[in-house]
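Listed below, chain by chain, are the residues.
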Amino acid sequence: MDVGILLDLRNPADWRRPWSEHYDRTIELVREAERRGAGSVWLTEHHLFEDGYLPQPLTLAAALATRTSRIRIGTGILLGALRHPLHIAEQAALVDVLSAGRLELGFGAGWSRAEYAAFDIDFDRRFRRTDHTLVEVERLLRETVRPPAVQQPVPLWLGYQGPRGARRAGRLGVGLLALDGALLEPYQTGLADGGHDPARARMGGLLDVIVAADPERTTDRLLPYVAHQANSYRQGKARAEGRQIPALTVDDLRATVRSGGQLPGITVRTPDDAIRAIRAQLAGLPARHVYCWGSVAGMPDDLVEEHLDLLLGVVRPALGGADRAGVS
């Protein structure tokens, strides 16, 4: 198992950096994470987000491949249904060549109707199309693409949620990007149904942990960034459903925290608490890759630095995270 980070490259208007500076800083962040022992960096994807949410993860993956030497580079996830399989296979093979065999290629179906409409693709067929794309990309990487990928095969993943999605990933014989113990049994069932050895099960995914020496102080400073992230998801989904909902405010989130509630999508923990919580969540799972947010919606640099220092310097060794990036 390795411990890594997930990046979405958000750069919100209220605290925006120049875009070139933002991307340069992100590349240096990944280089520093590699120096500190991170096993992997994962890049996610959305389109049409005002804050610049990363739209082309394989493009950034190629840049990271040339600036790093050991860390594995994953897509968690690539919206495969929005692209032609040959485009994905060619780009993925080139990233694998540039990285000397460090690509982890994860697919997902997404949730935004607006994104599918922008590409003139049927949203209601997204899971079937994603499955088909993954199968075709696997074939193209094996039989057709030149230059060929270094890894034969390139590790493939599906970021599906829920028992039905876990079974689909299993039937296709790929890894499952979800760290939910309730999904292991349907995932292994799917592996068996697809003629694959259930012992080959491999899981990975995001843990919503930010590590801090003083969680209370860090939580309060994170509130504007968590509010931005939460609102972008909540309001995007509401618009897709023809609804309107009020935006969460910093005061709303502060009141939630003071009443003992949880922040949406983020848990701030001390290193010891993070180690206990992660061990409990991973118990019994065939976890290969565990990653946390590298930054939440462009949060302050000093909080990013502390988080990575504690995550990679304290939490990772305690979890048995590899000192060097390894092959899946």
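Calculation rules
Chains are numbered independently. Their residues run from 1 in the order of the written sequence. Residues qualify for local features only when their pLDDT is at least 70, as the model is predicted, and side-chain atom pairs are given and counted only at 80 or more; totals for whole chains, interfaces and linings, by contrast, use all residues. With hydrogens and water excluded, all non-hydrogen atoms of the structure serve as input to the side-chain values. What makes two strands pair is DSSP finding at least two bridges between them. Only DSSP runs of H or I covering at least 4 residues are called helices, and only runs of E covering at least 2 are called strands; the numbering of each starts at the N terminus. Only the stretch in contact is used when fitting a helix axis, every axis being a line fitted to C-alpha atoms; angles between N-to-C directions are given from 0 to 180 degrees. Note on aromatic pairs: the rings of Phe, Tyr and Trp (six-membered ring only in Trp) are paired at centre separations within 6.5 Å, and the planes decide the class, stacked below 30 degrees, edge-to-face beyond 60, tilted for the rest. The buried label goes to any residue with under 20% of its type's maximum accessible area, the exposed label to any with over 50%, and the partly exposed label to all in between, with areas taken from a 1.4 Å probe on protein chains only. For a lysine, the NZ atom is tested; for an arginine, the CZ atom; a charge sits over a ring if that atom is within 6 Å of the ring centre and within 35 degrees of the ring normal. For classification, angles of less than 35 degrees are called roughly parallel, those exceeding 145 degrees roughly antiparallel, those between 65 and 115 degrees roughly perpendicular, and all remaining angles oblique. Handedness of each helix crossing follows the sense of rotation of the near helix against the far helix: counterclockwise by less than a right angle gives left-handed, clockwise gives right-handed. By definition in these notes, contact holds between two residues if any of their heavy atoms fall within 4.5 Å. Under the scheme applied here, ten amino acids are nonpolar (Ala, Val, Leu, Ile, Met, Phe, Trp, Tyr, Cys and Pro), four are charged (Asp, Glu, Lys and Arg), and all others, including Gly, are polar. A crossover gets the label right-handed when its path from the first strand over the helix to the second runs clockwise, viewed with the strands pointing away from the viewer. Remark: nonpolar core denotes a set of buried residues (Ala, Val, Leu, Ile, Met, Phe, Trp, Tyr, Cys) joined through side-chain atoms within 4.5 Å. Here a polar contact is taken to be a pair of N or O atoms separated by no more than 3.5 Å, where protein atoms must pair a possible hydrogen donor with a possible acceptor and residues adjacent in sequence count only if both atoms sit in side chains. Basic side-chain nitrogens of Lys or Arg form a salt bridge, by our definition, when they fall within 4 Å of a carboxyl oxygen of Asp or Glu. Values of pLDDT, ranging from 0 to 100, describe the predictor's confidence in every residue of the model.

## Observations regarding the sheet that holds strand S1 (residues 2-7)
The sheet built from 8 strands closes into a barrel, its strands ordered S1-S2-S3-S4-S5-S6-S7-S10 with parallel pairing. The mean angle between the axes of side-by-side strands here comes to 25 degrees, regardless of whether they run parallel or antiparallel.

## Side note on the packing of aromatic side chains
This structure, assessed with the given rule, holds 7 aromatic pairs. Between Trp42 and Tyr291, the aromatic rings sit 4.9 Å apart at their centres with planes inclined by 20 degrees, giving stacked as the arrangement. One end of the pair, Trp42, is in strand S2 (residues 40-43); the other, Tyr291, is in strand S10 (residues 287-293), with 249 residues separating them in the sequence. Judged on exposure class, the residue Trp42 and its partner Tyr291 are both buried. Ring-pair connections join several aromatic residues into one group, and the members of that group are Trp42, Trp157 and Tyr291. Directly above the ring of Tyr233 sits Arg10, whose terminal nitrogen or CZ lies 5.1 Å from the centroid. Lys237 extends its terminal NZ or CZ atom over the ring of Trp111, reaching a point 5.2 Å from the ring centre.

## Regarding the packing of helix H8 (residues 215-240) against helix H9 (residues 250-258)
Look at H8 against H9: their axes get within 9 Å of each other, and the N-to-C directions meet at 130 degrees. If you check the angle between H8 and H9, you find them oblique. Handedness of the H8/H9 crossing: right-handed. Contacts between H8 and H9 involve Thr219, Asp220, Leu223, Pro224, Val226 and Ala227 on the former and, on the latter, Val250, Leu253, Arg254 and Val257. Broken down by class, the residue content of the contact of H8 with H9 amounts to 7 nonpolar, 1 polar and 2 charged.

## Details of the environment of Ala65
Topologically, Ala65 is positioned in helix H2 (residues 57-67). Along the sequence, Ala65 and Val97 sit 32 residues apart, while their C-alpha atoms lie 8.7 Å from each other. For Ala65, the contacting residues outside a window of four places in its chain are Ile73, Val95, Leu98, Ser99 and Arg102.

## Re the pairing of S2
Burial along S2 is two-sided: Ser40 and Trp42 and Val41 and Leu43, pointing in opposite directions, are all buried. Note that S1 and S2 share 3 bridges and pair parallel. Residue Leu7 lies in a different strand from S2, and its bridge partner there is Leu43. Following the chain from S1 across helix H1 (residues 19-35) to the adjacent parallel S2, one finds a crossover that is right-handed. Pairing of S2 with strand S3 (residues 72-79) involves 4 bridges; the strand directions are parallel. By the bridge assignment, Trp42 is partnered in S3 with Gly74. Between S2 and its parallel partner S3, the chain crosses via H2, and the hand of that crossover is right-handed.

## Some points on the environment of Thr256
Mapped onto the fold, Thr256 is located in helix H9. Thr256 has contacts with Gly261 and Gln262, leaving out every residue within four places of it along the chain.

## Regarding the nonpolar core
With 97 residues, the main nonpolar core has Val41, Leu105, Phe107, Tyr187 and Val296 as its most contacted residues. Per-element tally for this core: the top contributor is helix H11 (residues 301-319), with 8 residues.

## A short note on the environment of Thr130
Along the polypeptide, Thr130 turns up in helix H5 (residues 126-143). Here the alpha-carbon distance between Thr130 and Leu82, two residues 48 residues apart in the chain, equals 8.5 Å. At 2.7 Å, the side chain of Thr130 and the backbone oxygen of Arg126 are in polar contact.

## Quick notes on the side chain of Asn11
In this fold, Asn11 is placed in the loop between S1 and H1. Leaving out residues up to four positions away in the same chain, Asn11 has contacts with Arg16, Arg17, Trp19, His22 and Asp51.

## Thoughts on the pattern of salt bridges
For the structure on display, the rule yields 24 salt bridges. Among the ionic pairs, Glu50 bridges to Arg16, the shortest N-O distance being 3.3 Å. Of this pair, Glu50 sits in the loop between S2 and H2 while Arg16 sits in the loop between S1 and H1, placing them 34 residues apart in sequence. Among the residues examined, Glu50 registers a relative accessible area of 53% and is labelled exposed. Take Arg16: its relative accessible area is 31%, and that puts it in the partly exposed class. Within the structure, one salt-bridge network assembled from shared partners comprises Glu32, Arg35, Arg36, Glu305 and Asp309.

## A look at the side chain of Glu104
Mapped onto the elements, Glu104 comes out in strand S4 (residues 103-108). Reaching out from Glu104, the side chain makes a polar contact with the side chain of Arg72 at a distance of 2.5 Å.

## Examining the confidence of the model for the protein
On average, residues of the protein carry a pLDDT of 95, and 98% of them reach 70 or more. Under a pLDDT of 50 for its full length, residues 324-328 has, in the predicted model, 13 contacts with residues more than four places off or in other chains.

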